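Next come the chains, spelled out residue by residue.
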Amino acid sequence: MNAHTETQFRLYEYLRGDLDEKDRASVESHLAECAPCRDECEEVREALGMLSPTGGQPSDALPDAFWTALLNEVDQKIAAKSDRPGVRLRFSVWQRRVSDWLTMTVVPHRRLVLGVASIAIVATSAFVTWSLLRQSPDRPVFAESPAGAESIEPGLASVSAPPETRMDSYLRKSRLLLVGVTNMPDVKGQPVDLSVERKTSRELADEARTLKQQTLDDRSLDLVNELEKIQIELANMESRNEMPTMALVRSGIERENLLFKIRMQEAIQLKVSYANEE
Amino acid sequence: MPAAGEQQLIREAQDGNRDAYRRLVERYMKQAYNVAYGFVHDHENARDVMQEALVRAYQALPTFRGDAEFGTWLHRIVMNLSLNQIRANSSRSRHEVRIDDIREPGVTQDAEHEARFLRTHIEQALHELPTLQRSVVILRHMEGLSTRQVSEILQCSEGTVKTHLFRGLKKLRGRLRVLQEDAA
């Protein structure tokens, strides 16, 4: 910072007499030898002279009753708001207190806390790995599905579940499967890993057969028949298929408007379940 | 960092004690009001700003961590709401000349009228400053806050505060001269 800027920075305090002796001497020394800064000093002095006789602060003119009324109005407004701290933001208070407590207790024992946390992370990782290894290598992992669509929860509704629940579950999983197949990236000439889709299709085809043995209305029966055909087709595909065959399956899904039919049936099922609840 | 007594009031207010909040704001409301008035130049608008600021401050109080002084924090809310109010009023005429501000030629003005006339000029000149310069002049000069407090309110460096104060005062002087010459 050069002497001019430094002096400009201090002019206000200088003119108000707020500088200590050393700084005041420094400003005066610069002003004595710098005409532009002297002019600027005079401008600021004049400005302060013009600003000073304003007849006190605006708040001075207001009676005590004004402040009492203002505070009362504020109090009423706060009381009227349902989201006052006592309700909405109490969480923030607790959050802050927990944060303060953690700061006070954790920081002094940082090494110990880090050590315990590391052990916990290692133990959790080991448990998760062991759990995964215990399961079948064929277990569907839809999140990694090449279809890149929504992941499907493993397993259908249990055998003991009511028919409506099983039908709901069957429709939802069929829809997810078909959405995944429809949205599969179209890479020509590249083999596609369909192991997950095939496994799910097998499960769904089995479920379709079970559902057909139960009492289904005509509309549901037709839909399950159509879905079953596609599911059998998918289940019997080569595990690593090429896109032309997949394109045929997709055109079948589109031709039969299967996704639309599933959504319609789901809407009907939902309506029936609401009616039953009422 | 707020003083111990103030910290206690803040904690109680954060827990929903409205009486504690009232006692807390009583300490700062007049200065905060002057800040609001410095921006909006009107008691009615300043009162609206204050009312809104005090309600909002109460609602936001649980997020107040006490890193700055409560007064500084409140001033920041007041200043932001004042600027909002100015923007909201921008379509309207913000400086309507009041009938009692018009000086009749040849009529001797009493001291009170003269002071009011001068204040109107200052308000007008302040209003014509860029927002940051105006904020610094109001907070630092009119309200007497320290450079550090102003820098906390405006969330800028102390050097920036000093620069804007210097420039703002120079501009004010130029504008006031013009206004006074016009009036003369």
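Calculation notes
Every chain begins its residue count from 1, and numbering advances along the sequence as written. Chain labels run from A onward and ligand labels from 1 onward, assigned in the order the entries are written. At least 70 in pLDDT is required for a residue's local features to be given in this predicted model, at least 80 for side-chain atom pairs to be given and counted, and no such filter applies to totals for whole chains, interfaces and linings, which use all residues. The secondary structure listing takes helices from DSSP runs of H or I that are at least 4 residues long and strands from runs of E that are at least 2 residues long, numbered from the N terminus. Put simply, a residue is buried when 20 or more other C-beta atoms lie within 10 Å of its own C-beta and exposed when 12 or fewer do; between those, it is partly exposed, and each C-beta is set from the backbone. What counts as a contact here is a pair of residues whose C-beta atoms, placed from the backbone, lie within 7 Å. All residues other than Ala, Val, Leu, Ile, Met, Phe, Trp, Tyr, Cys, Pro, Asp, Glu, Lys and Arg, Gly among them, are scored as polar; the first ten of these are nonpolar and the last four charged. The score called pLDDT rates the predictor's confidence residue by residue, from a low of 0 to a high of 100. We define a nonpolar core as a collection of buried residues of the types Ala, Val, Leu, Ile, Met, Phe, Trp, Tyr and Cys that are connected via C-beta atoms lying within 7 Å of each other. Convention adopted: a line fitted to C-alpha atoms gives each axis, helices being fitted over their contacting stretch, and angles between N-to-C directions are expressed from 0 to 180 degrees. If an angle is under 35 degrees, it is roughly parallel; if it is over 145, roughly antiparallel; if it lies from 65 to 115, roughly perpendicular; otherwise it is oblique. Here a crossing is taken to be left-handed if its near helix is turned anticlockwise relative to the far helix by less than a right angle, and right-handed if that turn runs clockwise.

Visitor: Tell me about the overall build of chain B, and please be specific about residues and values.
Guide: If you tally the helices and strands in chain B, you get nine helices and zero strands. Along its sequence from the N terminus, chain B presents helices and strands in the succession α-α-α-α-α-α-α-α-α. When the 184 residues of chain B are sorted by exposure, 39% land in the buried category.

Visitor: Outline the overall build of chain A, supporting the account with residue identities and numerical values.
Guide: Looking only at helices and strands, chain A features eleven helices and two strands. Ordered by position in the sequence, the α and β elements of chain A form the string α-α-α-α-α-α-α-β-α-α-β-α-α. A sequence separation of at least 24 residues applies to 70% of the contacts in chain A between residues at least 6 apart.

Visitor: So what's going on with the interface of chain B and chain A? Which residues, and what values?
Guide: Between chain B and chain A, the contact holds 34 residues from the first and 33 residues from the second. Elements supplying a minimum of two residues to the side of chain B that touches chain A: α2 (18-26), α3 (29-40), α4 (43-60), α6 (111-127) and α9 (158-183) of chain B. Here the side of chain B that touches chain A gets nine residues from one element, more than from any other, and that element is α9(B). Tallied by class, the residues present in the side of chain B that touches chain A amount to 17 nonpolar, eight polar and nine charged.

Visitor: Residue-level account of the confidence of the model for chain B, with values.
Guide: Confidence in the prediction for chain B averages 82 pLDDT; 83% of positions are at 70 or higher. Model confidence for the complex is summarised by a pTM of 0.50, with the ipTM given as 0.76.

Visitor: Just give me the short version of the nonpolar core, but keep the residues and values in it.
Guide: Core analysis: the biggest nonpolar cluster contains 56 residues, and B:A32, B:A36, B:M50, B:A53 and B:V78 have the highest contact counts within it. Among the elements that make up this core, the one with the highest residue count is α3(B) (eight residues). Setting aside residues up to four positions removed in sequence, B:V78 forms contacts with B:A32, B:V35, B:A36, B:V49, B:M50 and B:A53. Ranked by size, the runner-up nonpolar core spans 21 residues in total, among them A:L171, A:L176, A:L178 and A:L234.

Visitor: Please set out unusual backbone geometry residue by residue, giving values where relevant.
Guide: At B:H41, a position not held by glycine, the phi torsion is positive, near 60°. Within the element layout of this structure, B:H41 appears in the loop between α3 and α4.

Visitor: Now, about helix α8 (residues 147-154) of chain B: what can you tell me, with residues and values included?
Guide: Note that an α-helix has 3.6 residues per turn; residues three or four places apart therefore point the same way. Residues and elements named next belong to chain B. Counting buried positions along α8 gives six out of eight residues, so the element sits mostly inside the fold. Those residues of α8 not exposed but buried are T147, V150, S151, E152, I153 and L154. Where α8 is buried, its residues meet α5 (70-89), α7 (131-142) and α9. Phi turns positive, to about 55°, at Q155, one or two residues after α8.

Visitor: Got a sec to walk through the confidence of the model for chain A? Specific residues and values, please.
Guide: Residue and element names in this part refer to chain A. Averaged over every residue, the pLDDT of chain A is 76; residues scoring 70 or more account for 70%. Taking the mean pLDDT of every element in chain A, the minimum, 59, falls on helix α5 (residues 85-106) and the maximum, 92, on helix α2 (residues 21-33). Low pLDDT (under 50) marks residues 136-154, which in the prediction has 32 contacts with non-local residues, meaning those over four places away or in another chain.

Visitor: Lay out the environment of B:K30 in plain terms, naming residues and giving numbers.
Guide: Mapping B:K30 onto the fold places it in helix α3. Residues B:K30 and B:M50, 20 residues apart in the sequence, show an inter-C-alpha distance of 9.7 Å.

Visitor: Outline the environment of A:V272, listing residues and values.
Guide: Inspection of the secondary structure assignment puts A:V272 in helix α11 (residues 258-277). Through-space distance from the C-alpha of A:V272 to that of A:E164 is 9.3 Å; in sequence the pair is 108 residues apart.

Visitor: An account of the packing of helix α1 (residues 3-16) of chain A against α9(B) is requested, with residue identities and associated values reported.
Guide: The N-to-C vectors of α1(A) and α9(B) enclose an angle of 75°; their axes lie 9 Å apart at closest approach. Taken as axis vectors, α1(A) and α9(B) run roughly perpendicular relative to one another. Taking contact as the criterion, the partners of A:Q8, A:F9, A:L11 and A:Y12 in α1(A) are, on α9(B), B:G159, B:K162, B:L165 and B:F166. Among the residues making up the contact of α1(A) with α9(B), the classes are represented as five nonpolar, two polar and one charged.

Visitor: Hey, could you go over the packing of α1(A) against helix α3 (residues 35-51) of chain A for me, with residue numbers and the actual values?
Guide: All names here are of chain A. Their axes nearest at 10 Å, the elements α1 and α3 cross at an angle of 30°. By the angle between their axes, α1 is roughly parallel relative to α3. As α1 runs across α3, the sense of the crossing is right-handed. Contacts from H4, T7, Q8, L11, Y12 and L15 of α1 reach α3 at C37, E40, C41, V44, R45 and L48.

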